[in-house]
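Geometric and topological summary
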Amino acid sequence: EPDILSLADLNIEQMPLLDLCQNTNSGEIDVEISGGTPPYTFVWQTNTNTGPDLYETITTNEPTASITDLAPGDYYLYFYDDNGCVSNYDETMTI
């Protein structure tokens, strides 16, 4: 039986002030998970006026995923493995 699926590492790269002034989307979020059974599916969401909205879905055999070229805003993540085990990252990730 695999270990419990969980978030192992999180890195949020904020946008430099110059990029903000030039409307350049350069934020980045990198995550690494542990446990579970590959392939893994990472579901990224953004916050809109009507609630969370799908941003990007990534399915990979690797326990890592990144989203790049992000605009300022709030991002959310949940992920699941091949067995359907689901884990949420409960904190808001703000760029």
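Residues numbered from 1 in each chain as written. Predicted model: local features only at pLDDT ≥ 70, side-chain atom pairs only at ≥ 80, totals over all residues. Heavy atoms only, no water.

Moving on, we get to the overall build of the protein chain. Summing up its helical and strand segments, the protein chain has one helix and seven strands in all. Listing every helix and strand of the protein chain by position from the N terminus yields β-α-β-β-β-β-β-β. Seen along its three principal axes, the alpha-carbon backbone of the protein chain occupies a region of about 50 × 25 × 20 Å. Classification of the 95 residues of the protein chain by burial places 29% in the buried group. In the protein chain, once contacts between residues fewer than 6 apart in sequence are set aside, the share between residues at least 24 apart is 53%. With an accessible surface of roughly 5,700 Å², the protein chain has 43% of that area assigned to carbon and sulfur atoms. (Helix = DSSP H or I, 4+ residues; strand = E, 2+ residues; numbered from the N terminus. Buried < 20%, exposed > 50% of the residue type's maximum accessible area, 1.4 Å probe, protein only. Contact = heavy atoms within 4.5 Å. Areas by Shrake-Rupley, 256 points an atom, 1.4 Å probe, with all protein chains shown as cover.)

This next bit is on the nonpolar core. With 17 residues, the main nonpolar core has Ile-29, Val-31, Phe-42, Trp-44, Ile-67, Tyr-75 and Leu-77 as its most contacted residues. Excluding residues that lie within four positions of it along the chain, Leu-77 makes contacts with Val-31, Phe-42, Val-43, Trp-44, Asn-88, Tyr-89 and Met-93. (Core = buried A, V, L, I, M, F, W, Y, C linked by side-chain atoms within 4.5 Å.)

Here we have three strands laid out as an open sheet, ordered β1-β2-β5, and antiparallel in their pairing. If you trace the sheet from one side to the other, it starts and ends with β1 (6-13) and β5 (64-70), each paired once. Put simply, the sheet's adjacent strands are angled 10° from each other on average, direction ignored. One ladder, built from seven bridges, connects β1 with strand β2 (residues 27-34); its direction is antiparallel. In the strand pairing of β2, Leu-10 is matched with Val-31. (Pairing = 2+ DSSP bridges. Axes fitted to C-alpha atoms, helices over the stretch in contact; angles between N-to-C directions.)

Before going further, it helps to examine the sheet that holds strand β6 (residues 74-80). Strand order in the open sheet made by the four strands is β4-β3-β6-β7, with antiparallel pairing throughout. Strand pairing shows two members of the sheet lacking a second neighbour, β4 (51-60) and β7 (86-94), which therefore form its edges. Going across the sheet, the axis of each strand differs from the next one's by a mean of 20°, ignoring polarity. Of the strand pairs in this sheet, strand β3 (residues 40-48) and β6 are connected by six bridges, and their pairing is antiparallel. In the strand pairing of β6, Gln-45 is matched with Tyr-76.

This part covers the pairing of β2. Within a regular strand, side chains alternate between the sheet's two faces. Sheet topology places β2 next to β5; five bridges connect them, and they run antiparallel. Note that in β5 the partner of Asp-30 across the bridge is Ser-66.

Let us now look at the side chain of Thr-60. Mapped onto the elements, Thr-60 comes out in strand β4. Those residues in contact with Thr-60 that lie beyond four places of it in its chain are Pro-39, Tyr-40 and Phe-42.

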